[in-house]
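If you want the building blocks of each chain, they are given just below.
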Amino acid sequence: MEYGYLKRFLDALISFTALLLLSPLLITMILLLAVFQNGAVFFKQERPGKNGRIFGVIKFKTMKDTRDSSGNLLPDSERITGIGRFIRSTSIDELPQLINVLKGEMSLVGPRPLLVKYLPLYNEQQARRHEVRPGITGWAQVNGRNAISWEQKFEYDVWYVDNMSFSLDIKIIILTIKKVVVREGISSETAVTMEAFKGTK
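What counts as what
- Residues numbered from 1 in each chain as written.
- Predicted model: local features only at pLDDT ≥ 70, side-chain atom pairs only at ≥ 80, totals over all residues.
- Heavy atoms only, no water.
- Helix = DSSP H or I, 4+ residues; strand = E, 2+ residues; numbered from the N terminus.
- Rg over C-alpha atoms; globule rule 2.2 N^0.38 Å.
- Buried < 20%, exposed > 50% of the residue type's maximum accessible area, 1.4 Å probe, protein only.
- Contact = heavy atoms within 4.5 Å.
- Expected span 1.5 Å × (residues − 1).
- Arc of directions from axis to C-beta.
- Core = buried A, V, L, I, M, F, W, Y, C linked by side-chain atoms within 4.5 Å.
- Salt bridge = Lys/Arg side-chain N within 4 Å of Asp/Glu carboxyl O.

Honestly, the overall build of the protein in this entry has me stumped. Any pointers?
Counting secondary structure elements, the protein contains 7 helices and 4 strands. The order of helices and strands in the protein, counted from the N terminus, is α-α-β-β-α-α-α-β-β-α-α. For the protein, whose C-alpha radius of gyration is 17 Å, the value lies close to the compact-globule estimate of 17 Å for 201 residues. With the C-alpha coordinates aligned to their principal axes, the bounding extent of the protein is approximately 50 × 45 × 30 Å. Here the protein holds 201 residues, and the buried ones make up 43% of them. For the protein, long-range pairs separated by at least 24 residues make up 68% of all intrachain contacts whose partners lie at least 6 apart in sequence.

In structure tokens form, the structure reads like this:
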């Protein structure tokens, strides 16, 4: 069996099981966010998936929508909430994406789904990251996450596309668990999350 078909079967099975097992945690987070963020629980944003097809990625909301006098969003460091900082550091904010995996829009492992506005900025090699379904975690995430440059991240993404296998996915999942436990690579050196990608010069 081609691994792509097995991967999709495992994604559906594991995401469904995980949603059931994690339902007490998910319900608790929904209640806490509803109380401490005035009802703002989920964050949904359009992202490109396999072959650039647009879908709505789901996360727990960790930031306020505070804007300056010109209507522009304030920097991430000024908008992130106290509980948002905690759930981001523990990667709990990513758990609602299990719904995306169950729907077939994402995979458990693959290049992270980035912003739609980045699509025209990729060079030909970087755009190959969209040859597979995006993942909740990926090779770039276990090799630095937000603490590495965009160029390094895309190199890891394309390497994964060329080397995707069952054993590699298991390795990435194990390394992801380790990263979450020690909370490595959550932020870049200059921002709470990651600076915007502006294209490779």
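That covers the picture; the talk isn't over yet.
Just checking my understanding: could you explain helix α2 (residues 23–36) for this structure?
The first and last C-alpha atoms of α2 sit 20 Å apart over 14 residues, in line with the 20 Å expected at 1.5 Å per residue. Residues of α2 that are buried: L26, M29 and L33. Down the axis of α2, the buried set is contained in an arc of 60 degrees. They therefore lie on one face. Of the residues in α2, the exposed ones pointing more than 90 degrees away from the buried face are P24, L31 and V35. Residues of α2 that are buried make contact with α1 (3–21), β2 (54–60) and α4 (82–89). After α2 finishes, the residue N38 shows a positive phi value of roughly 55 degrees.

Before we go on, may I ask you to explain unusual backbone geometry in this structure?
Across residues other than glycine, the phi torsion is negative in most instances, and most of the peptide bonds are trans. Residues other than glycine seldom take positive phi values, yet N51 does so here, at roughly 60 degrees. Residue classification places N51 among the exposed residues on the basis of a relative accessible area of 64%. Here the phi dihedral of S91 falls at roughly 65 degrees; this positive angle occurs in a residue that is not glycine. Take S91: it is sitting in the loop between α4 and α5 (97–103).

Where do I start with the nonpolar core in this structure?
For soluble globular proteins, the rule of thumb is that nonpolar side chains tend to be buried together. Counting 24 residues, the largest nonpolar core has F60, I87 and I172 as its most contacted members. Contributions of two or more residues to this core are made by α1, α2, β2, α4, α5, β3 (107–109) and α7 (166–182). If sequence neighbours within four positions are ignored, I87 has contacts with M29, L33, F60, K61, T62, I92 and D93. Counting 7 residues, the second-largest nonpolar core is a separate cluster that includes Y118, Y122, M194 and F197.

I tried to follow the pattern of salt bridges on my own but got confused; where do I start?
Where charged atoms from two side chains of opposite charge approach closely, those side chains can pair. All told, the structure shown has 8 salt bridges when counted by the stated rule. Ionic pairing is found between E105 and K103, a salt bridge with its closest N-O pair at 3.5 Å. The class for K103 is exposed, based on a relative accessible area of 52%. By sharing partners, the salt bridges in this structure join K59, E94 and R112 into a single network.

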